[in-house]
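Topology and contacts: notes
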Amino acid sequence: MFQNLDIFQMATGLAKHASTRQEVIAKNIANADTPEYRAKDVAPFQATYDNRGSSAAMKSSRAGHLHGHAAHSAQPVFVDAPGPSSPNGNTVTLETEMMKATEVRHQHDLAMSVYKSSMNILRTSIGRR
């Protein structure tokens, strides 16, 4: 029941986005010495979340229901991370990857805070604390 609320879908999407981005960053760091390796990144959460369809538009929960489009989750979009290449053609910069990892941790913490706050509001509204 609660998984259908937009706030929970957004928090879950942000947490999944942070997880996917952390995986990409870890792969970049693992390949920091691989010749010709191109650093990758994930498109910003806002861009992927906006592309999933408007939350105000009609959504169908099953085929033929409401004549709306089927609800779907945001899919990560992988992009090449811009940056200078080293003499061996590798574009991974460890300092940049560490800064990205910090951003990802903040995104994940934000998603968990939103989820926890929303759960507290729901518990309070039904009289449970």
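Residues numbered from 1 in each chain as written. Predicted model: local features only at pLDDT ≥ 70, side-chain atom pairs only at ≥ 80, totals over all residues. Heavy atoms only, no water.

With respect to the overall build of the protein chain
Along its length, the protein chain carries 3 helices and 4 strands. In the protein chain, the order of α-helices and β-strands from amino to carboxyl end is α-β-α-β-β-β-α. Expressed as a percentage of the 129 residues in the protein chain, the buried residues total 26%. Considering only residue pairs separated by 6 or more positions, the protein chain has 74% of its internal contacts joining residues 24 or more positions apart. When the accessible surface of the protein chain is split by element, carbon and sulfur atoms take 59% of a total near 8,800 Å². (Helix = DSSP H or I, 4+ residues; strand = E, 2+ residues; numbered from the N terminus. Buried < 20%, exposed > 50% of the residue type's maximum accessible area, 1.4 Å probe, protein only. Contact = heavy atoms within 4.5 Å. Areas by Shrake-Rupley, 256 points an atom, 1.4 Å probe, with all protein chains shown as cover.)

Some words on helix α3 (residues 94-125)
The end-to-end C-alpha separation of α3 is 47 Å, in line with the 46 Å expected for 32 residues at 1.5 Å each. Taken as a whole, α3 has its buried residues at E97, K100, A101, V104, A111, S118 and M119. Looking one or two residues past α3, G127 carries a phi angle of roughly 90 degrees, positive in sign. (Expected span 1.5 Å × (residues − 1).)

Details of the environment of S85
Inspection of the secondary structure puts S85 in the loop between β4 (78-80) and α3. The partly exposed category is assigned to S85, whose relative accessible area is 46%. Taking the C-alpha atoms as reference points, S85 and E36, 49 residues apart in sequence, are found 8.6 Å from one another. Beyond its immediate sequence surroundings of up to four residues, S85 is in contact with N90 and T91.

Observations concerning the pattern of salt bridges
Enumeration over the complete set of coordinates arrives at 4 salt bridges. A salt bridge links R21 to D41; its shortest N-O distance comes to 2.9 Å. With R21 in helix α1 (residues 6-30) and D41 in strand β1 (residues 40-42), the pair connects residues that are 20 residues apart, well separated along the chain. Residue classification places R21 among the buried positions, given a relative accessible area of 8%. Residue classification places D41 among the buried residues on the basis of a relative accessible area of 11%. (Salt bridge = Lys/Arg side-chain N within 4 Å of Asp/Glu carboxyl O.)

Topic: the packing of aromatic side chains
Considering all chains together, one arrives at 1 aromatic pair under this definition. Relative to Y115, the ring of F8 lies with its centre 5.0 Å away and its plane at 70 degrees, an arrangement referred to as edge-to-face. Here the residue F8 occupies a position in helix α1, and Y115 occupies one in helix α3, the gap between them amounting to 107 residues. For F8, a relative accessible area of 4% puts it in the buried group. (Phe/Tyr/Trp six-rings, centres within 6.5 Å; stacked < 30°, edge-to-face > 60°.)

Some thoughts on the packing of α1 against α3
The N-to-C vectors of α1 and α3 enclose an angle of 160 degrees; their axes lie 9 Å apart at closest approach. As judged from the angle between their axes, α1 and α3 are roughly antiparallel. Viewed along their axes, α1 and α3 form a crossing whose handedness is left-handed. Class assignment for the residues of the contact of α1 with α3 results in 19 nonpolar, 6 polar and 4 charged. (Axes fitted to C-alpha atoms, helices over the stretch in contact; angles between N-to-C directions. Parallel < 35°, antiparallel > 145°, perpendicular 65-115°, else oblique. Left-handed = near helix turned anticlockwise from the far one by under 90°. Nonpolar A, V, L, I, M, F, W, Y, C, P; charged D, E, K, R; others polar.)

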